[in-house]
Amino acid sequence: MNPARALRTEGTSLRDALHAEWTKLRTVPSTGWLLLTVIALTAGASALAAAVVKCPTSCGEDTTKLSLTGILLGQAAVAVLAVLVISGEYSSGMIRITLTAVPRRSIALAAKAIILAGVVLAAGAMATAWSLIAGRYILPGNGFTGAHGTEALSLSAGPTLRAAVGSVLYLALIALFSLGLATALRDSGASIAVMLGLLYIVPLLTDLGTLDPRWEHRLQEWGPMTAGLAIQATRNLKALPIGPWPGLGVLAVWAAAALLAGGLVLRLRDA
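The following paragraphs examine the structure supplied in this document. (Residues numbered from 1 in each chain as written. Predicted model: local features only at pLDDT ≥ 70, side-chain atom pairs only at ≥ 80, totals over all residues. Heavy atoms only, no water.)

## Considerations on the pattern of salt bridges
Moving on, step 1. Under the defined criterion, the tally for this structure stands at four salt bridges.
Moving on, step 2. Between K112 and E21 there is a salt bridge whose closest N-O contact spans 3.1 Å. Taken together, the positions of K112 in helix α7 (residues 105-138) and E21 in helix α2 (residues 14-27) put the pair 91 residues apart, joining distant regions of the chain. With respect to burial, K112 and E21 carry one shared label: buried. (Salt bridge = Lys/Arg side-chain N within 4 Å of Asp/Glu carboxyl O. Helix = DSSP H or I, 4+ residues; strand = E, 2+ residues; numbered from the N terminus. Buried < 20%, exposed > 50% of the residue type's maximum accessible area, 1.4 Å probe, protein only.)

As structure tokens, this is what we get:
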């Protein structure tokens, strides 16, 4: 790819910046591979979880949430993709070309965020759909039927649709969160480590049971993954530390704060 040609624009409008970012993203080979990884990891892990869990041993399982288990793995690939969108430019020096073509740095970051969110939404929709289809056909063979008091997974049921749409939005918010964090830190390794730590270590701390119950509850309410994935629940909603949509809203706050911090760093520091 010719960087100068990819970034040549006639102005600094958002439309010009979007065109430039789309050109860069689709011409980088790792983008396609990472998006395929998101789909494969999510759908594959979801199908595996549906195949492993049996009823009557675990008849109380939320079949929709169980069918979307793969989101736990797919989000890691989303985070890596989002980090590389910005940190790859810093490591190669291409960020200077980007900011020369689009001097308004807020516009440059907004364009990256919009294009990234768009491709992640598309990949997430495919991954979520295949996950639910796998659950729909695998779970009845494992005993999740009306005979055991478990309703079959319905792809058209309101709670299932809410969980599906919410899971796609969850992946897009993880991408924006990662982009903002990487813009602020400017280092691939550090950004990926911090992001994966926030996603996976916080739930681990709550699962170990070593913290004060009040702190565990607060971490579940405000942790980006524990709060965000409440959107997948379709049963026993009153027992959740936070409701489905409020939980997704918490993740949106994390993403907005990260983008704001990244935007400030991008504006105040030299490329």
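## Some thoughts on helix α5 (residues 71-92)
Moving on, step 1. Across its 22 residues, α5 extends 31 Å between first and last C-alpha, which sits within 8% of the 32 Å expected from 1.5 Å per residue.
Moving on, step 2. The largest bend along α5 measures about 40 degrees and falls at V85. (Expected span 1.5 Å × (residues − 1). Bend = angle between axes of the 7 residues up to and from the residue.)

## Points about the side chain of Q75
Moving on, step 1. With respect to the secondary-structure elements, Q75 resides in helix α5.
Moving on, step 2. Since its relative accessible area comes to 0%, Q75 is described here as buried.
Moving on, step 3. Polar side-chain contacts of Q75 include one of 2.5 Å to the side chain of Y170.
Moving on, step 4. A polar side-chain atom of Q75 sits 3.4 Å from a polar atom in the side chain of Y200.
Moving on, step 5. Those residues in contact with Q75 that sit more than four places away from it in its chain are Y170, L171, I174, L199, Y200 and M225. (Polar contact = N/O pair within 3.5 Å; in protein donor to acceptor, adjacent residues only side chain to side chain. Contact = heavy atoms within 4.5 Å.)

## Some words on the side chain of T160
Moving on, step 1. Along the chain, T160 falls in helix α8 (residues 158-185).
Moving on, step 2. Assessed through its relative accessible area of 5%, T160 is described here as buried.
Moving on, step 3. In this structure, T160 is in contact with T64, L132, L153, S154, L155 and T234, ignoring residues within four places of it in sequence.

## Quick notes on the packing of α8 against helix α12 (residues 244-268)
A packed helix pair is summarised by two numbers, namely the angle formed by the two axes and the spacing between the axes.
Moving on, step 1. Interhelical geometry of α8 versus α12 gives an angle of 20 degrees and a closest axis separation of 7 Å. As far as their axial angle goes, α12 and α8 are roughly parallel. Seen along the crossing, α8 lies across α12 with a hand that is left-handed.
Moving on, step 2. For the contact of α8 with α12, the residue count by class is 21 nonpolar, four polar and one charged. (Axes fitted to C-alpha atoms, helices over the stretch in contact; angles between N-to-C directions. Parallel < 35°, antiparallel > 145°, perpendicular 65-115°, else oblique. Left-handed = near helix turned anticlockwise from the far one by under 90°. Nonpolar A, V, L, I, M, F, W, Y, C, P; charged D, E, K, R; others polar.)

## Quick look at helix α6 (residues 94-101)
Moving on, step 1. If you check which residues of α6 are buried, you get M94, I95, T98, L99 and A101. Angular distribution of buried residues about the axis of α6 spans 160 degrees; they occupy a single face of the element. Among the exposed residues of α6, those oriented more than 90 degrees off its buried face are R96 and T100. (Arc of directions from axis to C-beta.)

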